[in-house]
Amino acid sequence: MSVSGTSTPGEARLIDGKGFANRLTQDIAEDVRTFYARHQVTPGLAVVLVGNDPASEVYVRNKALQTHRAGMRSFMHMLPETTSQEELLALIGRLNVDPEIHGILVQLPLPGGLDPVAVTNAIDPRKDVDGLGVVNAGRLALGLPGIVPCTPLGCLLLLKSYVGDLRGLNAMVVGASNLVGRPMAQLLLREGCTVTVAHIDTRNPQALARQADILVVATGCSGLVTGEWIKPGATVIDVGISRVRLDNGKTRLVGDVVFDEARRIAGQITPVPGGVGPMTIACLLRNTMQAARELVEGAGGGV
Ligand SMILES: NC(=O)C1=CN([C@@H]2O[C@H](COP(=O)(O)OP(=O)(O)OC[C@H]3O[C@@H](n4cnc5c(N)ncnc54)[C@H](OP(=O)(O)O)[C@@H]3O)[C@@H](O)[C@H]2O)C=CC1
Ligand SMILES: Nc1nc(=O)c2c([nH]1)NC[C@@H]1CN(c3ccc(C(=O)N[C@@H](CCC(=O)O)C(=O)O)cc3)C=[N+]21
Ligand SMILES: [Mg+2]
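This one's a predicted model, so the numbers in the text were calculated from it and none came from an experiment.

Visitor: Can you help me understand the domain arrangement of the protein in this one?
Guide: Note on interface size: it is often stated as the accessible area lost on association of the parts. Taken domain by domain, the protein comprises domain 1 (37–126) and domain 2 (149–278). Look at where the C-alpha atoms of domain 1 and domain 2 centre, and you get two points 27 Å apart.

The structure is reproduced here in structure tokens:
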């Protein structure tokens, strides 16, 4: 890999998020066994899903599987669409004081009428394994240790493994949500990148993207990023997940990047599926292990 973080164009190297996530999950399983031997405690993760959102259902299904693979306990709370804010806050209050629970994740988006800010911030910051509350988000913004949101953390682990030292590289994040884009930009800044963040009002994002050695795309707009957006040899991380219908009536998952075009120009690129998605789940397990350690051992630290 050259020092600019880019490599020779041609056919981009595939970034194997699925394989990386599998190895990470095996390492976490080892940590879970060691932790149990020391404390007789098994890390427990509570996932709260209100109503039915298709993207969240994919996530919840994969998450339950991987939690068990890591030797952790998972506690599913499927609530009806009609759940009130008071009922949801009461559940979080119980999970906050439950000694079997070390991590709490409330699936977003929530049905209308429920306030995601109030709900997210009702979670004990020590159990906020999504890292979305003001305490963990603030720690990240200040460069302090805390719990880092799973998807940006997963992207960063891939970048550190496939690019190496990120210092001085031009990074662009397309999308500025609290869940992905913003914390991603914070992490890249912390790693020494020069960071540009694009959102819906950004003028000519393509011209900005073409300067980027690292391009992270998280908008939910399939097909947004074409080959012309990409600096030859750049590393492209596609966070987007959309389900598209094919001519034969079947559906398929696609990212925000036009993969076949991007692959000819980028130096390395994540596929969808098999890229960022599995990393998000592995990082959720990693954050739950970290939270269990801090709750049980009172250790400081974090990423
Ligand atoms: N692979 C994984 O593990 C995960 C995947 N996802 C996927 O990632 C995508 C993004 O998720 P999330 O961040 O939660 O989505 P949000 O809808 O919350 O945020 C999307 C962001 O992208 C911006 N945006 C939308 N359209 C454009 C555009 N045409 N040009 C530039 N910016 C644009 C929005 O701008 P503005 O703020 O101005 O509205 C917003 O900042 C979705 O497809 C989601 O399913 C999400 C989480 C995990
Ligand atoms: N509080 C909260 N935190 C989240 O992190 C969160 C959320 N809410 N709401 C929904 C989005 C979406 N999301 C996904 C994570 C992994 C896959 C995933 O495992 N994808 C695999 C498999 C996809 C498949 O084959 O079905 C892949 O891309 O290879 C998908 C989607 C997390 N999200
Ligand atoms: Mg939005």
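Next, the rest of the story.
Visitor: Can you help me understand the site of ligand 1 in this one?
Guide: Taken together, 20 residues are adjacent to ligand 1, and A176, S177, I200, I241 and T280 come closest. At a separation of 2.8 Å, an oxygen atom of ligand 1 approaches a polar backbone atom of A176. With respect to ligand 1, the backbone of V239 contributes an N or O atom lying 3.2 Å from a nitrogen atom. When isolated, ligand 1 has an accessible area of 920 Å², and the protein chains bury 70% of it. Broken down by element, the residue count for the shell around ligand 1 peaks at three residues, all from helix α10 (residues 276–297).

Visitor: Is there a simple way to think about the sheet that holds strand β5 (residues 170–174) in this case?
Guide: Hydrogen bonds between backbone atoms are what pair the strands of a sheet, whose relative direction is either parallel or antiparallel. Here we have six strands laid out as an open sheet, ordered β1-β11-β8-β7-β5-β6, and parallel in their pairing. Each end of this open sheet is capped by a strand with a single partner; those strands are β1 (13–14) and β6 (194–198). Where strand β7 (residues 214–217) lies against strand β8 (residues 235–238), four bridges are found, and the strand directions are parallel. The residue of β8 that forms the bridge with V217 is D238. Helix α6 (residues 150–162) rests against β1, β7, β8 and β11 (268–269) of the sheet, and its axis sits at about 160° to β8. Where helix α7 (residues 181–190) meets the sheet, its contacts fall on β5, β6 and β7, and the angle it forms with β5 comes to roughly 170°.

Visitor: Explain the side chain of T67 here, please?
Guide: In this structure, T67 sits in helix α2 (residues 54–69). Within polar-contact distance, the side chain of T67 engages the backbone oxygen of K63 at 2.6 Å. Not counting residues up to four positions away in its chain, the partners in contact with T67 are L45, M72, R73, S74 and L285.

Visitor: Quick question: what am I supposed to make of the nonpolar core here?
Guide: Among soluble globular proteins, nonpolar side chains are generally buried collectively. In terms of nonpolar packing, the biggest core is built from 52 residues, with I28, L159, L166, L188, I214, I237 and V239 touching the most fellow members. Elements supplying a minimum of two residues to this core: α1 (17–39), β2 (44–50), α2, α6, β5, α7, β7 and α10. Ranked by the residues each element gives to this core, the list is headed by α10, at 10 residues. Built from parts of two domains, this core gets at least three residues from each of domain 1 (37–126) and domain 2 (149–278). With residues near it in sequence (within four places) discarded, L159 still touches G164, L166, M184, L188, I214, T235 and I237.

Conventions used here
Residues numbered from 1 in each chain as written. Chains lettered and ligands numbered in written order. Predicted model: local features only at pLDDT ≥ 70, side-chain atom pairs only at ≥ 80, totals over all residues. Heavy atoms only, no water. Domains from an automatic or database assignment. Near = heavy atom within 4 Å. Polar contact = N/O pair within 3.5 Å; in protein donor to acceptor, adjacent residues only side chain to side chain. Areas by Shrake-Rupley, 256 points an atom, 1.4 Å probe, with all protein chains shown as cover. Helix = DSSP H or I, 4+ residues; strand = E, 2+ residues; numbered from the N terminus. Pairing = 2+ DSSP bridges. Contact = heavy atoms within 4.5 Å. Axes fitted to C-alpha atoms, helices over the stretch in contact; angles between N-to-C directions. Core = buried A, V, L, I, M, F, W, Y, C linked by side-chain atoms within 4.5 Å. Buried < 20%, exposed > 50% of the residue type's maximum accessible area, 1.4 Å probe, protein only.

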